[in-house]
Amino acid sequence: MIESAVPLLALVASLAAVPLILLSGTKPNLREFWTLLAALIKFCLVLTLLPNALQGTTTQITLLELFPGIPFILKADPLGVYFALIASGLWILTSFYSIGYMRGAHEKNQTRYFASFALCLSSTLGIAFAGNLVTFIVFFEMLTLATYPLVIHKETPAALAASRQYLVYTLTAGVCLIAASVITQVTTGSTAFVPGGIYTPLSLPDPALLLVFVLFLVGIGVKSGIMPLHSWLPSAMAAPTPVSALLHAVAVVKSGVFGLVRVVGFIFGSETLAQSHLNILLMILAGFTVLTASLLAFKQENLKKRLAYSTVGHLSYIVLGASLLSPLGFTGSILHISAHATMKITLFFCAGAIYVNLHKENIPDLNGIAKVMPFTMAAFTLAALGLAGVPPLNGFVSKWTLAQGALQADMLVPLFILVISGLLNIGYFFPIIHRAYFKEGEHLEGKKEASAFMVVPLVITALLSVLLGIFPNHFFHFYDLATAIAKTLIPGN
Amino acid sequence: MKVQQLPILIAFTYLAWALLIPLIAALRKNWIYPFTLVGSAISACASIYGFISSFGSEPLRYTFGGWAPPLGVEFIYDSLSSFILMVINTIAFLVLIHSKGVADREFPEKKMPYYALVMLFMLGLNGITLTGDIFTLFVFLEISSLSSYGLMSVGKKFAVYTAFRYLIIGSIGGSLYLLGVFYLYTVTGTLNMADIAAMIPQVATQPGIVTGIILIVAGFGIKAALFPMHGWLPDLYAQANSTSSALVAPIGTKVAAYVLIRLLLLVFGINAVDAVAPISTIIGILASIGIIYGSIYAIRQTQLKRMLAYSSVSQIGYVLLGLSLANPMGFRGAVLHILNHAIMKACLFLVAANLEKQEGHSDLSKFNKSFAKKYPWSMLAFTLAALSMIGLPPLAGFFSKWYLAVGAVEGEQSWYLIVILASSLLNAAYFFRIIERIYIKPADDTPSSQNDVAFSMLLPTLILALGLLVVGLMNTTLLSNLLPFYD
C-alpha cells in the first residue's frame, strides 16, 4: 500500500481542463489544446501507476470523510489501473478524432461538448479508482450528469427523447444503487471494495441478499446495458459519433461493467455468490443478453444502431465471464474490457468517418465505400473480425480465456453461448463488409478518405487490437494484470 | 469576545435594530439597507463564531436577571441550537444582501417597516431556537409569526389575502401549542425544558402529558407545514414578495421543525411517549405522505415560486421523517437536511427573485435557452441547487438523504427508504424539466446578450450555490459536534 496523490492528480487533470475549455470557447485551437494536453498528462499519470499495480500494490489517497467511517478514497488497485489505462489511453485518440469529427461535421456547441467530454473522463477515472461504494456513487452519478449534455448534443427531437430516456434509466438506476449501498453499509458495516467481498454467506437471509443483489444489478446494470435495461443505449445513438464511441467503448458502459465486476468480486465475493447461487441469475441474464442482442443487431439498418446492439451483447460477455466465478472467467472478463474497448471504438470511429465524409449512416447505402475509404474500411474489417473472435486479434484472446473459464467452472452452456454469439457476430458484420468491398457504389466519384484527424486514430486503434492480440502481454502487461486481479478474487488462490 | 454573552448578543442585536431602523429611516432613507445589513452581519458572524467555539465545549445556559431556572428564563446555547442559529442567521444575512434589488422594485415605499419587521422576525426565530423554556418559546413564536404575517402580506395582488389566511391558520397553530403547554404545566408544574426532561420518565404515561405533546406536535405541525397541515403554504410563498419568500421559506418552517426535534427527541424523549401513543409513527407516516404529495404537486405547477413552495412541503417531510426515526442516523439526517434545505431553497428562491426582477415573471412555460444566455450565473446557481435537491453527489442534498436512508434501514423501517428514493426521482422529474428548458429549448425571440442581475443580487445566490458543495463535502466536520448529542 502506497500513499500517493497520483490517482487524484490523474483525476484532476481532466477536471482542471473543464474551466479552461469553457473559458477558451472563442479560440477553438486553444480549447482543443487544453483537451489534448489534459489527455496526455492524464495518460502519463495513469501510466506511472502501472508498475505498482503489476506488483499487486495499491496506490491510494484518502481525502476527507464523506460520512463517519466512510472516507473519500481513491485507490489505484490493479483492476482500477487496468480500467483507467484503457479509458485515459483511448481518450487521447478520441480527442484527436473528436476534433476531426466536430469540425468536419460543423457541429454546434463544441465548447460544451469538449467540456463535458473532459468531465466524463474525470468521472470515469473516479469510478476506476473509487475505493468504496460511496466514492463510486459520487463518480457514477457525476458520469450520468456529464454524459447528459453529450447525449442531448444535437438538440434534435430525437436527441431530446434519447436524453430523457437516458436520464430516466440512469437516475432510477442511481437511486437503486444508493439503496443497495445503504443496505450494504447497514448490514456489513462497510462500503469498502475488498477483494473477495465484504458480504459473507451469513450476512443476510437469502431473500434479502437477493434483493440487494438485484438492486445492485439494476443500479449498475443499466449503464452496462444488461437486458432488459438496455434500451437507452441504442436511443443514445442520437449523439455525435465520438460520443457514441466514448459511451460504448470506453467510459459509460465500461464503467457499468467495471462496476459489476467490482460488485461481484469486491462486494459480494465469489464465495457468497456461489453459495447463494446468485451468480446463476447473473449468468442467465448475461447469456440471454448476449444472444438476444446479437439477434437484434441483425435487423438494425442504421450502422450505429447495429453497433449499439453489438455493444450490448459484448458487454454481457464481460458480465458472463465474471458470473462464472472461476479464475480464468474473471481473467477473460477483464481482458474483454480492453479488447472490446479497442475494437468497438474502431468501429464507431469508422462509422463516424463514413458519416462525416460521405453523409451515410444506413447500411444499405454503404455499397462500394471501401474503394474511397480504404483505410477506414480495413480498420472496420479488422475490428469486426476481432469482435467475432478471429485470431490473432485481441478479441480472440479474451474469448479464448472466457471459454477456458467456462470449462474451468464446469459449465458448458456459457461456452455454447460464446460460440453461437461469435457466429452471430460474423453474421451481422459480414453484410457490411461485403457491401463495402464487393458491391458497386453510387455517387462516390471524387470522394476521398476522411481527414487525418479521424483516420489516424482509427488506424491506431485497429492496429492496437491486432498488436494486443498477438502480444497480449506486451506494452501494458494487460494479461498479467488480469491474471493477477483474477487471483485475488478467488479464495484459495 | 466572551462566548458566554454570545446568545444574548445575537438575539439582542435584532431587537435593537428593529427599534433603531425607524430612527435611522427618519434621518436618511438610504441608510436603511446598509444599516440592516450591519445588524444582520453582526448576528451572522457572532453565530458562526459561536458555532465554531461550541466544538468540544459544554452547553451554555444563559440566565436572565440573576434568576436561576426553573424560576427564571434561560437560553440554552448548545451545539444543536448554535448550529441552527448559524444556519438561520447566515441565510438571513445573504437574503438581506440580495433584498436591495427586490425592495427597490417590489416595495420601494415600505422599506422602513419592512426591514424593521425582518429584524423582529429574526428575533423571534432566534429566540425560539435559544430558549430553554416552553412558555418563552410561545412568546418568541408569536413575535416571529406576527412579523411574518406582515412580511408575507407585502407582495402580489393576493398577498394580503394569503397572508391573512396564514394568520388565521398560524394563530390556530400557536394556540394549539399554548394549550399543550398548559397541559404539560398542569402535570409537571414547570415550564423549564430541562426540568420537564427530568420529570418525563415518571409521568410519561399520564393522559395530560400525552395530550399536551399531541397538541404541541399539532401546533408545530401547522407551523412546519407537516402534511396535511400545509395548505397555507404554497399560495403564501407564491404571492409574497421575493425577499419574504426567500427569507421565510428556507428558515421559517425549519425552525418549527427544529422545535419538534428538540422537544420530542431531547426534552420529552420520544420513546417514553411512544409507549403510550405512537406519535413518532404518525409523524413518520404524515411526513412520508407529505414528501410524495409535495413532489407530485410540484411537478404539476407552472410557476416557479409555487413549484418551490410545494417542494418545500416535500422537503420539510425529510426533516420530520428523520425526527420520527428517532435514531442517531435519522437525527443527523434531519439536522443536516435543515441546513441543506435552507441553502437550497434560499438559493432557488433567490434565483426566482432574480428572474422576476429581470423578466417580470417566473412562469415555467416561458423558460427557454435565452435564459442561459441572459442569466448564466443565476442559471448555474439554479442548476446546482436543483441537482442538490435531487440528491446527486457530491452536492449537499445527497448527504442528508444518505443519513436518512441509513437511519431508515437501521430503524428497520425500510419502506421509508423507498419514500426517500422515490421522491428523489420525482424531484428529478420537475427539476430536469426546467434544466432542459433553460439549456436546450430554443428561444423564440432574437438572440439576447448577457443581462444578469446586479452584483448584490448575484453574489448571495452564488455563495449559496457554492455552499452546497462545501457543506456536502464538509458534512462530517459540521456534524461532528452533534454526533454525541443524540445517541
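Overview of the structure. (Residues numbered from 1 in each chain as written. Chains lettered and ligands numbered in written order. Predicted model: local features only at pLDDT ≥ 70, side-chain atom pairs only at ≥ 80, totals over all residues.)

## Concerning the overall build of chain B
So the rule is basically this: By the criteria applied, helices consist of DSSP H or I runs no shorter than four residues and strands consist of E runs no shorter than two, each listed in order from the N terminus. The globule rule is 2.2 Å times the number of residues to the power 0.38, and the radius of gyration it is compared with is taken over C-alpha atoms. Every C-beta atom is placed from the backbone, and the number of other C-beta atoms within 10 Å of a residue's own sets its class: buried at 20 or more, exposed at 12 or fewer, partly exposed in between. We call two residues in contact if the C-beta atoms placed from their backbones are at most 7 Å apart.
What chain B contains, in helices and strands, is 20 helices and two strands. Against the 2.2 N^0.38 benchmark of 23 Å for 487 residues, chain B shows a C-alpha radius of gyration of 21 Å, consistent with a compact globule. A principal-axis box enclosing the C-alpha atoms of chain B has dimensions of 75 × 60 × 45 Å. By residue count, 59% of the 487 residues in chain B fall in the buried class. Sequence-distant contacts in chain B: of pairs separated by 6 or more residues, those separated by 24 or more amount to 81%.

## Some words on the overall build of chain A
When helices and strands are counted, chain A shows 20 helices and three strands. Compactness check: chain A gives a C-alpha radius of gyration of 21 Å against a globular reference of 23 Å for 493 residues, within 12% of the reference. In terms of its C-alpha atoms, chain A occupies a principal-axis envelope of roughly 70 × 55 × 45 Å. Burial statistics for chain A: of 493 residues in total, 62% are counted as buried.

## Description of the packing of helix α2 (residues 32-53) of chain B against helix α4 (residues 111-130) of chain B
All names here are of chain B. For clarity, the threshold we go by: Only the stretch in contact is used when a helix axis is fitted, and all axes are lines through C-alpha atoms; the angle between N-to-C directions ranges over 0 to 180 degrees. Any angle that is under 35 degrees is reported as roughly parallel, and any over 145 degrees as roughly antiparallel; angles of 65 to 115 degrees are reported as roughly perpendicular and all others as oblique.
For the pair α2 and α4, interaxial distance at closest approach is 10 Å and the crossing angle is 5°. As judged from the angle between their axes, α2 and α4 are roughly parallel. Residues Ile32, Thr36 and Gly39 of α2 pack against Lys111, Met112, Tyr115 and Met119 of α4.

## Description of the interface of chain B and chain A
Note the following rule: Any residue outside Ala, Val, Leu, Ile, Met, Phe, Trp, Tyr, Cys, Pro, Asp, Glu, Lys and Arg is labelled polar, Gly included; the first ten of those are nonpolar and the last four are charged.
Contact with chain B, which involves 17 residues of that partner, is made by 21 residues of chain A. Of all the elements in the fold, those that place two or more residues in the side of chain B that touches chain A are α17 (396-410) and α18 (414-439) of chain B. Per-element accounting of the side of chain B that touches chain A gives the leading share, six residues, to α18 of chain B. When its residues are assigned to classes, the side of chain B that touches chain A shows 14 nonpolar, two polar and one charged.

## A closer look at unusual backbone geometry
Residues and elements named next belong to chain A. Cis geometry is adopted by the peptide bond preceding Pro228, which originates at Met227 and carries an omega value of 5°. Inspection of the secondary structure assignment puts Pro228 in the loop between α7 (206-221) and α8 (232-235). Within the chain, Leu325 stands out as a residue other than glycine whose phi angle is a positive 60°. Mapped onto the fold, Leu325 is located in the loop between α13 (303-323) and α14 (327-358). Note on Leu325: 24 C-beta atoms within 10 Å, which makes it buried.

## Points about the pairing of strand β2 (residues 59-67) of chain A
Residue and element names in this part refer to chain A. Counted only if it meets this: A pair of strands is treated as paired once DSSP finds two or more bridges between them.
When strand β1 (residues 2-3) meets β2, the two strands line up parallel, connected through two bridges. Bridging across to β2, Glu3 finds its partner in Gln60. Across six bridges, β2 lies against strand β3 (residues 70-76) in antiparallel orientation. Looking across to β3, one finds that Thr62 is bridged to Ile73. Linking two consecutive strands that pair antiparallel, namely β2 and β3, is a turn of two residues; a positive phi of about 85° is found at Gly69 within it.

## Structural notes on helix α3 (residues 79-106) of chain B
Residues separated by three or four positions in an α-helix point in the same direction, a consequence of the helix having 3.6 residues per turn. Residues and elements named next belong to chain B. As a reminder of what qualifies: Residue count minus one, scaled by 1.5 Å, sets the expected span of a helix. Bend at a given residue is defined as the angle between two axes, one fitted to the seven residues that end at that position and one fitted to the seven that begin there.
In this model α3 runs 38 Å from its N-terminal to its C-terminal C-alpha over 28 residues, within 8% of the 40 Å that 1.5 Å per residue would give. In the structure, α3 departs most strongly from a straight axis at Ser99, where the bend amounts to approximately 45°. A large share of α3 lies buried, amounting to 25 of its 28 residues.

## Focus on the environment of Leu171 of chain A
Looking at the secondary structure, you find Leu171 of chain A in helix α6 (residues 157-188). As a C-alpha pair, Leu171 of chain A and Thr144 of chain A span 27 residues in sequence and 7.7 Å in three-dimensional space.

## Here's the deal with the sheet that holds β1 of chain A
Strand pairing in a sheet takes place through backbone hydrogen bonds and is either antiparallel or parallel in direction. Taking strand neighbours across the sheet as the criterion, the three strands line up as β1-β2-β3 (chain A) in an open arrangement whose pairing is mixed. Edge positions in the sheet fall to β1 and β3 of chain A, since each of these pairs with one other strand and no more.

## Focus on the nonpolar core
Note the cut-off: Defined on buried residues, the nonpolar core groups Ala, Val, Leu, Ile, Met, Phe, Trp, Tyr and Cys residues joined through C-beta atoms within 7 Å.
Of all hydrophobic cores here, the largest spans 379 residues; its most connected members are Ala87 of chain A together with Met119, Leu260, Leu320, Ala346, Cys347 and Ala385 of chain B. Among the elements that make up this core, the one with the highest residue count is helix α14 (residues 328-359) of chain B (19 residues).

## A word on the environment of Ile92 of chain A
Residues and elements named next belong to chain A. On the secondary structure map, Ile92 appears in helix α3 (residues 78-104). Sequence separation between Ile92 and Lys42 is 50 residues, and the spatial gap between their C-alpha atoms is 9.2 Å. In this structure, Ile92 is in contact with Ala39, Leu40 and Phe43, ignoring residues within four places of it in sequence.

## Concerning the packing of α3 of chain A against helix α20 (residues 478-489) of chain A
Residue and element names in this part refer to chain A. Stated formally: For any helix crossing, the convention is left-handed if the near helix is rotated counterclockwise from the far helix by under a right angle, and right-handed if that rotation is clockwise.
Put simply, α3 and α20 touch, their axes get as near as 9 Å, and they point 145° apart. α20 is crossed by α3, and the crossing has left-handed handedness. Contacts between α3 and α20 involve Pro78, Leu79 and Tyr82 on the former and, on the latter, Phe478, Leu481, Ala482, Ala484 and Ile485. Along the lines of polarity and charge, the residues of the contact of α3 with α20 split into eight nonpolar, no polar and no charged.

## Focus: the environment of Glu301 of chain A
Residue and element names in this part refer to chain A. Note on placement: Glu301 falls in the loop between α12 (278-298) and α13. On the basis of neighbour counts, which here come to 11 C-beta atoms within 10 Å, the residue Glu301 falls in the exposed class. With residues up to four places along the chain from it excluded, the contact list for Glu301 reads Asn362, Ile363 and Pro364.

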